[in-house]
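# A look at the structure
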Amino acid sequence: MRNVAGRVEGKVALVTGAASGLGRATAIRLAEEGAKVVVTDWEDKGGNETVELIKNADHEASYMHHDVSSEAEWQAVIAHAEKTYGQLDILVNNAAVIIAKSIKDTSLKDWQWQNSIALDGVFLGVKYGCEAMERSGGGSIINISSIAGIVGLDKSAAYCAAKGGVRLLTKAAAAEFAQLKNNIRVNSVHPGVIRTPGVESTIRKYGGTSKENKVRARFEAMSPLGELGEPTDIANGVLYLASDESKYMHGAELVIDAGYSSIR
Ligand SMILES: NC(=O)c1ccc[n+]([C@@H]2O[C@H](COP(=O)([O-])OP(=O)(O)OC[C@H]3O[C@@H](n4cnc5c(N)ncnc54)[C@H](O)[C@@H]3O)[C@@H](O)[C@H]2O)c1
């Protein structure tokens, strides 16, 4: 029996980086509330698994391979959403990578790779997503930034630059869309440390065996409420911004970080 509370019933959503972590949780949450979801990622196995999870719960989703740093692939996924479901109402720009290195250790290539995915990818999503939403009569774009888009973190300069860029790209788009009166809202979400495969692999990669507990403890210390967040903590915030419940929110930053960025 299909159980739909319907907060985004009838809407079509596209979630990038939805093979894993916050993207997967968001795709599932939107589908549970009635959206048809286009799941995209460059990891096809995980992306298809997300679609299976959604379909097994009797909701609607389809998968498409997508490198968010590719303009041609953005055009292709938008065309897929419109061809398959007729419109695009919700776009969640979630895909990102993290280079956790000091400035001295960050090469120009590292910097450009970080920004090509986490910032250029969001720009391309806003650019092609808003065109599709104009054809549908409006919509809601949610850009996943980070606490690293609000406060500076050490050994994260390239990531902070990309996420800070996402924050102000969102506000600039909000100003432009308001002038265009195109009925498209755009907001950013700023997660604190959330327990996802991305965070676990950062702990392993940059911790090393001897330093792993130290890195884990550092992440835990970044949660004033005492525990790391869960992916659904973010997915529920995205759902609110995607739904008409947030119709008066535009250009805003929704911080979901257990208080870290306010009181650190
Ligand atoms: N988990 C956290 O604590 C946290 C905190 C703040 C912000 N964020 C942000 O939330 C988002 C999701 O993070 P997560 O922790 O779920 O990470 P994750 O690594 O678990 O998932 C990220 C997904 O993005 C995909 N991806 C990466 N590069 C891609 C590309 N070029 N094209 C398409 N897909 C690509 C990966 O394959 C993966 O499935 C990211 O934007 C991240 O910066 C996460």
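Look a little higher up for the structure.
What counts and how
- Going along each chain's sequence as written, the residues are numbered from 1 onward.
- Confidence filtering applies because this is a predicted model: local features only for residues at pLDDT of at least 70, side-chain atom pairs given and counted only at 80 or more, and all residues used for totals across whole chains, interfaces and linings.
- As a convention, hydrogens and water are excluded, and side-chain values are obtained from all of the structure's heavy atoms.
- Labels follow the DSSP assignment, with helices taken as runs of H or I lasting at least four residues and strands as runs of E lasting at least two, numbered in each case from the N terminus.
- Every helix has an expected span of 1.5 Å times one less than the residues it contains.
- Relative accessibility thresholds used throughout: buried, under 20% of the residue-type maximum; exposed, over 50%; partly exposed, between the two (1.4 Å probe, protein chains only).
- Lining residues are defined by having an atom within 4 Å of a point belonging to a cavity or pocket. Those points lie on a 1 Å grid over the protein atoms alone, cavities being sets where a 1.4 Å probe fits but cannot get out and pockets being open sets with protein on both sides within 12 Å along at least five of seven lines.
- Grid points are joined across faces, edges and corners, and a volume is the space filled by probe spheres set on the points.
- Residues are grouped as follows: nonpolar covers Ala, Val, Leu, Ile, Met, Phe, Trp, Tyr, Cys and Pro; charged covers Asp, Glu, Lys and Arg; every other residue, Gly included, is treated as polar.
- Residue contacts are defined here by distance: any two heavy atoms, one from each residue, within 4.5 Å place the two residues in contact.
- Note on definitions. A residue lies near a molecule or strand when any single heavy atom of the residue is within 4 Å of it.
- N or O atoms closer than or at 3.5 Å make up a polar contact, with two conditions inside protein: a donor-capable atom paired with an acceptor-capable one, and, for residues adjacent in sequence, both atoms drawn from side chains.
- The method behind every accessible area is Shrake-Rupley, applied with a 1.4 Å probe, and residues are considered shielded solely by the protein chains displayed.
- Domain extents, as shown, originate in an automatic or database domain assignment.

Once that is clear, we can look at helix H1 (residues 21-32). Helix length check: H1 (12 residues) gives 17 Å between terminal C-alpha atoms against 16 Å at 1.5 Å per residue, within 8%. Counting buried positions along H1 gives 10 out of 12 residues, so the element sits mostly inside the fold. Looking at H1, one finds that the buried residues are Gly21, Leu22, Gly23, Arg24, Ala25, Thr26, Ala27, Arg29, Leu30 and Ala31. Immediately downstream of H1, the backbone of Gly34 shows phi near 105°, a positive value.

Right, let's talk about empty space enclosed by the protein for a bit. Using the criterion set out here, one finds 1 cavity of 30 Å³ or more in the structure. Counted as a void, the largest cavity has a volume near 30 Å³. Together, Thr16, Val68, Trp74, Asn93, Asn94, Ala95, Ile117, Gly121 and Val122 line the largest cavity. Counted by class, the lining of the largest cavity contains 5 nonpolar, 4 polar and no charged residues.

Assignment of secondary structure puts Ile256 in strand S7 (residues 253-256). Sequence separation between Ile256 and Asp233 is 23 residues; the distance between their C-alpha atoms is 7.6 Å. With residues up to four places along the chain from it excluded, the contact list for Ile256 reads Val189, His190, Pro191, Gly192, Asp233, Ile234 and Gly237.

Attention shifts here to the site of the ligand. The environment of the ligand is made up of 29 residues, and the closest members are Asp41, Asn94, Tyr159, Ile194 and Thr196. Within the side chain of Asp67, one N or O atom sits 3.0 Å away from a nitrogen atom of the ligand. Coverage of the ligand by the protein amounts to 91% of the 820 Å² it exposes when considered alone. Residue contributions to the shell around the ligand peak at 3 residues, all from helix H7 (residues 197-221). Along the lines of polarity and charge, the residues of the shell around the ligand split into 15 nonpolar, 10 polar and 4 charged. Each of domain 1 (12-193 + 230-256) and domain 2 (195-228) gives at least three residues to the shell around the ligand.

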